[in-house]
Amino acid sequence: MKAEPKTIINFLSNHFETVKDLFETQTKEGFVRKEFLNEILKENDSDIFNQLIEYKFLKKLGDDYEIRGVYFKFFEFILNEFKPLLPETIEKYEQSIGSLFKKIREGIAKDRNILVQRINELYNEVREFSDSVEKNTLRLVTETRELKSNVDKIDYKEKVRKASFWIDYYITPLNSILDVTHPQSITNRLFEISQYVNVRRLNFDDENTRIQFEKLYNFLVQTNDDLMRQSKILTNELLPLIERIRTESLILTGWIEFLKQPYKAPIPKVFKVFREVPYSNDMYWNAKEYFEQFEGNDEVILEDVQLEDFEKWIFNKELYHNKLIQSLPVNSFFEWAGKTLKGEYKSIETDKFFSLTTLLFEEGINLELDSKSDRQLIKTSQMNLRVPKIKITKHGIS
Amino acid sequence: MEFPRYHKEIVTDLLDGKFILASDPKFVELKNSIEFYNSFFKESFDFDVELKSDFAYILSAETNEQLSRDICIFFGLLCYELDKDGKNFLEEIQYAEFETDMLDSYFDNSAYIDLIQNNNQLKNSENRKQFINNLGRRNIIEKTNDKKFSFTPAHKVFMDFAANFAKGKLTSTDVEVETNENK
């Protein structure tokens, strides 16, 4: 590669959005389609195809492309977006670590250069194993929390499917790889190695090799702590979290099934209170119903009424009845009423006029209606009344 | 004869259909004297004391079918609506505080509106308030104020029921027994 390392780093920095899009595509699909590459370059308005090839960022894969492993891992690391490894992929380290350890033990008294190289190889394998576990745990934590917070609002069936998927294919197998109580787990194998290395770092006769054993021992102690921490996250956080999603979904399934036929489905027992109370259980409803019937729904308008006149003048029926009797015979009752009021009050108040009208219905008053004559006009204080001519006779004698 | 501390309150509460909660000093007394209370309720009334890790209650052969069904419908609807709202309903019911306004909004806009309208306890805001008060009397909810409440651990009785219902653990025999009891 001709380009300077700094140039490549600058290039990645300047075109970060474009390369990030390419990384995300490869994460999803496993490679970068030619059409998608062109589309991304066009969208980001960046003519960088040649540099992507020159800096060995992309590798041709038939008609399509692939981000080279070293760049892909770099992006996984800086974006903290790891593709989870299947536990069986992680398990392969058990074999490689086991086989290197076996060779170290067998060749402990043989060529020291090879021994040191094997120690370094073992160191690298353990580091790769530890990295893979950490990446998987990180990814599983993210996935599980997303599932728990449910920002995408996926329905419960999908949620429980995903939860089961993560439990069955990743969390439980990874947990068994790390389970220190399991005799075949890698953690136990590493523990066994560290015991052996611990002895060798102290008693091996060659100093350089002792130093290598010392380095490996310290690293194994640290790795052991890391793995214990990862295992704790899985056991204490992820499993309960994801188990809870399963429980939650089970309960929801139960309710949905129950709500299909809520009045036919069986129900849990609830204690029936036998206590006698001095009032009925339906007291509230009965009282409510009782009061509701008095709730007036009709619109009521209150107006200011001038009460002064009413208070001042009370119709004295007896007085006017006597006056009428004394005036008999009367040719026109209404005319008489008008004159009487006018004589007393100088005006004919409508209310007073109507009050006097009630005299017509008194006992001993004999009416004669002259239907042929015209109606008379009586002007009261508030209105003009056209009234018929009613004759009042004296005891039946005109 | 010496009786456990709070004896009268324990018996009164349980006979009133209340759940005695672990947060209540009566619970410890009941738990410590569980053998006494088992025989006391069995011999006196033929009732069974159900002691769980965080609450206790009594059961008789006769069950309050209507209340139980209403509570189940209420929890079923609430869990469904909370889940639809993207919430972890189990956590919400365990830890969150509920407002009656929020409850109204869930129930009034529910897809189960027909079921709600045909249920006398749940059909409108006013009736739901009475229903919530009823749950309060049984210690299934704890009221913070007139408009706010939270669920007590007693809600687990109904959540367990739903989980068992889903698992199909309620066999046809169980169903028959329950139905006969309710007649």
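Residues numbered from 1 in each chain as written. Chains lettered and ligands numbered in written order. Predicted model: local features only at pLDDT ≥ 70, side-chain atom pairs only at ≥ 80, totals over all residues. Heavy atoms only, no water.

S.K.: Explanation requested: the overall build of chain B in the structure shown.
M.R.: Looking only at helices and strands, one finds 10 helices and 6 strands in chain B. For chain B, whose C-alpha radius of gyration is 18 Å, the value lies close to the compact-globule estimate of 16 Å for 183 residues. Taking the principal axes of the C-alpha coordinates as reference, chain B spans close to 55 × 40 × 25 Å. Burial status across chain B gives 48% buried among its 183 residues. A fraction of 61% describes how many contacts in chain B between residues 6 or more apart in sequence connect residues 24 or more apart. Surface summary for chain B: the accessible area is close to 9000 Å², and the carbon and sulfur share equals 45%. Between the mean site of the 22 positive side-chain charges and the mean site of the 34 negative ones, chain B shows a separation of 2 Å. (Helix = DSSP H or I, 4+ residues; strand = E, 2+ residues; numbered from the N terminus. Rg over C-alpha atoms; globule rule 2.2 N^0.38 Å. Buried < 20%, exposed > 50% of the residue type's maximum accessible area, 1.4 Å probe, protein only. Contact = heavy atoms within 4.5 Å. Areas by Shrake-Rupley, 256 points an atom, 1.4 Å probe, with all protein chains shown as cover. Lys, Arg positive; Asp, Glu negative; His and termini not counted. Charge placed at Lys NZ, Arg CZ, Asp CG, Glu CD.)

S.K.: So what exactly am I meant to see when it comes to the interface of chain A and chain B here?
M.R.: Size of an interface, as often reported, equals the accessible area lost when the parts are brought together. Each partner contributes to the interface: chain A provides 35 residues, whereas chain B provides 53 residues. For the chain A face of the interface with chain B, the top three residues by lost area are Trp255, Lys269 and Phe271 of chain A, together amounting to 19%. Taken together, the connections running from chain A to chain B amount to 1 salt bridge. Between chain A and chain B we count 10 residue pairs in polar contact (both at pLDDT 80 or more) in total. (Buried area = accessible area lost by both parts, 1.4 Å probe. Salt bridge = Lys/Arg side-chain N within 4 Å of Asp/Glu carboxyl O. Polar contact = N/O pair within 3.5 Å; in protein donor to acceptor, adjacent residues only side chain to side chain.)

S.K.: Would you mind going over the nonpolar core with me for this structure?
M.R.: Note that soluble globular proteins tend to have their nonpolar side chains buried in a common cluster. Membership of the largest hydrophobic core comes to 51 residues, with the highest contact counts inside it found for Trp255 and Phe258 of chain A together with Phe74 and Phe75 of chain B. Of the residues forming this core, the biggest block, 10 residues, is contributed by helix α4 (residues 65–84) of chain B. The next biggest cluster of nonpolar side chains, apart from the first, holds 41 residues, and it includes Ile97, Val197, Leu227 and Leu238 of chain A. (Core = buried A, V, L, I, M, F, W, Y, C linked by side-chain atoms within 4.5 Å.)

S.K.: Would you mind showing me how to read a nonpolar patch on the surface here?
M.R.: There is a patch of nonpolar side chains on the surface, built from Phe74, Phe77 and Ile78 of chain A and spanning about 320 Å² of accessible area. Tracing the chain through its elements places phenylalanine 74 of chain A in helix α5 (residues 69–79). (Patch = residues over 30% accessible without salt bridge, like charges linked within 9 Å, V, L, I, M, F, W, Y side chains within 5 Å.)

S.K.: For this particular structure, what's the right way to read the environment of asparagine 134 of chain B?
M.R.: Structurally, asparagine 134 of chain B is set in helix α8 (residues 125–137). Expressed as a C-alpha distance, the spacing of asparagine 134 of chain B and leucine 67 of chain B, which sit 67 residues apart in the sequence, is 9.3 Å.

S.K.: Please explain the domain arrangement of chain A as it appears in this structure.
M.R.: What the domain assignment lists for chain A is domain 1 (5–79), domain 2 (87–260) and domain 3 (320–393). A separation of 116 Å is found between the C-alpha centroids of domain 2 of chain A and domain 3 of chain A. (Domains from an automatic or database assignment.)

S.K.: In this structure, what is going on with the domain arrangement of chain B? I would like to understand it.
M.R.: All names here are of chain B. With domains assigned, chain B is organised as domain 1 (7–59) and domain 2 (65–160). Taken together, the 7 residues of domain 1 in the interface contact 9 residues of domain 2. Taken together, both faces of the contact between domain 1 and domain 2 bury some 800 Å²; the carbon and sulfur share is 62%. Of all residues in domain 1, Phe19, Leu21 and Phe55 bury the most surface against domain 2, accounting for 57% of the area lost on that side. Where domain 1 touches domain 2, the interface holds 1 salt bridge. With a shortest N-O distance of 2.5 Å, lysine 156 and aspartate 54 are connected by a salt bridge. Looking at the side of domain 1 that touches domain 2, its residues break down into 4 nonpolar, 1 polar and 2 charged. (Nonpolar A, V, L, I, M, F, W, Y, C, P; charged D, E, K, R; others polar.)

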